[in-house]
Amino acid sequence: MSVTLGEAVTGAARGEKRTAWLSWLNPAYLIAGLLLLVLPALVGDFVLFSIFAWSLCLGMVALSLMFLAGYGGMVSLAQLTIAGIAGYMVAIFGTNGTGTGLGWPWWTVLPAAIAVAVAFATLIGALAVRTAGIYTIMITMAIAAAFFYFARQNYPIFNGYNGFNLVLPPKLFGVDWRQPLPFYYLTLAFATLSYAAVLYVSRSTFGLALQGIRDNARRMEAIGFNVVAHRIAANAFAGLIAAVAGIFLVWFNGGISPGSVGFGPAIDILVIAIIGGIRHPIGPFIGALIYALLSTFAMDLVDPIIGRERFKLIIGIGFLVIVLFSPDGILGLWDRLRARMAVSRDCA
Amino acid sequence: MVKIRNRLLLLAATSLALALPATAQDKGTLKIGGLATLEGVFAVPGQDGMRGIEAALKEANYTAGGYKLEFIKASSDASPDKALQAARKLVEQDKVAILVGPLSGSEGLAMKDYAKTQPGTTFINGTSAAQDTTLRDPAPNFYRFWTEGAQWMAGLGEYIAKDKGWKRVATIGEDYSFMHTQFFGFALPYCNAGGKIVQRFWVPLGTKDYASIISALPSNVDAIWLGLGGGDAVNFLNQYQQAGGTTPLIGASITVDQSIITSKGRARDALKGTASAGPQADTWDNANWNKWVKLYQASFPADQRFPTPGLFATGYYISTKAMIDGLNGVKGDLTDNHKALRAWLSAAKIDSPVGPITLDENRQAIAVNFVTEVAEGPDGNLVNKVVKVTEPVNQTLGMDRAKFLALGPVGRENPKCE
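Structural notes, computed from the coordinates. (Residues numbered from 1 in each chain as written. Chains lettered and ligands numbered in written order. Predicted model: local features only at pLDDT ≥ 70, side-chain atom pairs only at ≥ 80, totals over all residues. Heavy atoms only, no water.)

Quick word on the overall build of chain B
- A count of helices and strands for chain B gives 15 helices and 16 strands.
- Projected onto the principal axes, the alpha-carbon positions of chain B cover approximately 70 × 45 × 40 Å.
- Sorting the 418 residues of chain B into buried and exposed places 63% on the buried side.
- Total accessible area on chain B stands at roughly 15,000 Å², and carbon and sulfur atoms take up 54% of it. (Helix = DSSP H or I, 4+ residues; strand = E, 2+ residues; numbered from the N terminus. Buried < 20%, exposed > 50% of the residue type's maximum accessible area, 1.4 Å probe, protein only. Areas by Shrake-Rupley, 256 points an atom, 1.4 Å probe, with all protein chains shown as cover.)

Encoded structure:
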């Protein structure tokens, strides 16, 4: 695990190599992009909205975790909390079903919600960077739990257990953005944007320094990098992605309540990132798709076998199987498959 | 996945078509969704609710209005977002025509708002009993054939203050819309009758450790009003017994439900003699009620049900029965966004197991209420014994609607009772 300056340079070279690898992969990108674009013609409204749009929203939250964990070595359980804060702010600054919203126009609500959430993310970062490894998980978990209980019991601002209903996107350009088709393309656009942003940042000087810090913080400090500032900035950047995802999630659900930012859903985000794989930004989206499919259709799957009441069993078993066969998620499975194929090709 | 499911459905449909005479299925299949809490703190009540739906469907032989009924279950964990997610799947993916549910208060508030976005589907509430689901800003396609939390307390406040003579009580309640509604229904008449709420504790739904609350309970009170349901109630009662609590308890409706008084251990001892009120009473000697109890007992083996139906089973049964009667009443006419069915439901006068039920202009049930006391039945099971049956009580508890609305939405501090 020793990283020297020379190796950091090799890292940069590896970045170039990765770009080359990407251009090799280009057809895959093209096919995936094309598929996602024509998807509405292939599937029904429900699958488009409740599976794919939802996966994209969850995938973005998990992407922010993947960025922190994969490139920064910081596993944060508070990413859903940041998304939740953005969602709550949209409900509070804008309009909601209880009539307690401040009723600001959307072009003030959205930046304000994102600003509050990013500020909160930066604060969490400032707190959490003083810890490492399991302690980071603990402290972010504590923050997530504290926010959940606070929102659940605070009626004046957060409307307690009920939360807010009827939080809907603005009807811009004569389009109802809550309809499956427009909402899908909207989330697809922003998910692609966040995906590209994470890829870009991961290869920027900042991203490479962050990966250097992940591998050996002491050495990076010794050669003059401000480790704390890098980590806090990483938290702020991840917070931005989570905040945008949070706004889509509140629109998707048509509301928000403490249940959406609870402990279970926060763990679910970690599960999504892990089963997808945290070594590449595509992982969280794959994980989110599997999660959405399982949690929606598990009940129908188990119906004839063990009864609908026990559908959680199949969800648990599904995740177990993935982790059992590939500890580094679906991405790891893919890599191993490719390696095996290459080996057999070489042999031939 | 979808393919497998379709194939199974096809298989089921063919085998049914072979097994049954063709007369009942002139119109084909109609999908009915059922939503209850099969996870979390209300999992046991949720199962009882599902039994209510299934009992009604079995009774009707899965046919109504010329349709063969296909029943699709969905589950939530009593949180609004889980309920919405499940409802979206039922309505938008499975394309159910009518959805029966949800079970819990805050879910109902979310469901009402969702119903407004789905005008083509008819929503019939299960047992969700928050006040504002129908009182303020109701949805035109959302029906509640079961009374709500405040109505369930009717008669109890006066009974405690006058007949029992308990003038000072402390209250412990789960901090969400349904319990706020129950508290309101108890405290408003209680305080009007001269009672005083000395102290009120609100705990989060799903609280497991009540030690701090039990030790903070004031000693100079006549009784404790206990507004906990499901696993929360069992946890509290066990800990209250272990702490040697002797102050008498007054139960919210779901605190003395079958799902709790049939639990094993010390919880049941703590509940003996507890006064409560609710939309049903286990020992009510009435032909319709006895018929329902028999149907419930005949529909499920003894180890897969409670000795007698809990209020969740009864609520879901009545709601599903109303739907079936409605479909039969309009001969399965579901054209024009269920126009005929909705008119039928709005005007319905249902002869239910708990007496006649009618709907008000917000499609909220009006029905009699029962003041009860927990007592030991002949076979050693605890039952809710009838003390008093009230007149039919409406959602404004007999008050003028405008005056009632002026009291404000239910909450921790409503009524003030000072």
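Having seen the structure, we can now continue with the description.
A few points about the pattern of salt bridges
All names here are of chain B.
- Applying the stated rule across the entire model yields 15 salt bridges over all chains.
- A salt bridge links R401 to D360; the nearest nitrogen and oxygen atoms lie 3.3 Å apart. Of this pair, R401 sits in helix α15 (residues 401-406) while D360 sits in the loop between β13 (355-359) and β14 (365-366); the two residues are 41 residues apart in sequence, bridging distant segments of the chain.
- Residue class for R401 comes out partly exposed when judged on its relative accessible area of 23%.
- Residue class for D360 comes out buried when judged on its relative accessible area of 13%.
- One salt bridge connects E361 with R401, and the closest N-O pair in it is separated by 3.3 Å. Here R401 lies in helix α15 and E361 lies in the loop between β13 and β14, a separation of 40 residues in the sequence.
- Residue class for E361 comes out exposed when judged on its relative accessible area of 57%.
- Linked through salt bridges whose partners overlap, the residues forming this network are D113, K116 and D137. (Salt bridge = Lys/Arg side-chain N within 4 Å of Asp/Glu carboxyl O.)

Some points on the interface of chain A and chain B
- Taken together, the contacts link 30 residues of chain A with 32 residues of chain B.
- For the chain A and chain B pair, buried surface summed over both sides reaches about 2,900 Å², with 57% attributable to carbon and sulfur atoms.
- Counting across the chain A and chain B interface gives 0 salt bridges.
- Listed by contribution, the elements that provide at least two residues to the side of chain A that touches chain B are α2 (45-72), α5 (134-153), α9 (227-253), α11 (282-306) and α12 (311-325) of chain A.
- Counting residues per element, the side of chain A that touches chain B draws most heavily on α11(A), at 8 residues. (Contact = heavy atoms within 4.5 Å. Buried area = accessible area lost by both parts, 1.4 Å probe.)

As for the state of the cysteines
All names here are of chain B.
- A full pass over the atoms with the stated rule returns 1 disulfide over all chains.
- The disulfide partner of C191 is C417, and the S-S distance across this bridge is 1.9 Å. Disulfide C191-C417: torsion about the S-S bond near -100°, hence left-handed. With C191 in helix α7 (residues 177-192) and C417 in the segment after α15, this pair connects stretches of sequence that are 226 residues apart. This pair shows no difference in class: C191 is buried, exactly as C417 is. (Disulfide = S-S within 2.5 Å.)

What about the pairing of strand β7 (residues 168-174) of chain B?
Residue and element names in this part refer to chain B.
- A large share of β7 lies buried, amounting to 6 of its 7 residues.
- Note: β7 against strand β8 (residues 196-203), 7 bridges, orientation parallel. Directly across from T171, in β8, lies its bridge partner R200.
- Where the polypeptide runs from β7 across α7 and back to β8, its parallel neighbour, the crossover connection is right-handed. (Pairing = 2+ DSSP bridges. Right-handed = clockwise from strand over helix to strand, strands pointing away.)

So, a nonpolar patch on the surface
All names here are of chain A.
- On the surface, L30, I31, L35, L37, V38, L42, L181 and Y185 cluster together to form a nonpolar patch covering roughly 780 Å² of accessible area.
- Broken down by secondary-structure element, the contributors of at least two residues to the nonpolar patch are α1 (5-42) and α6 (180-203).
- The biggest single contributor to the nonpolar patch is α1, with 6 residues.
- Relative to the assigned elements, L37 resides in helix α1. (Patch = residues over 30% accessible without salt bridge, like charges linked within 9 Å, V, L, I, M, F, W, Y side chains within 5 Å.)

Interpretation note: all reported values are geometric properties and have no functional meaning in isolation.
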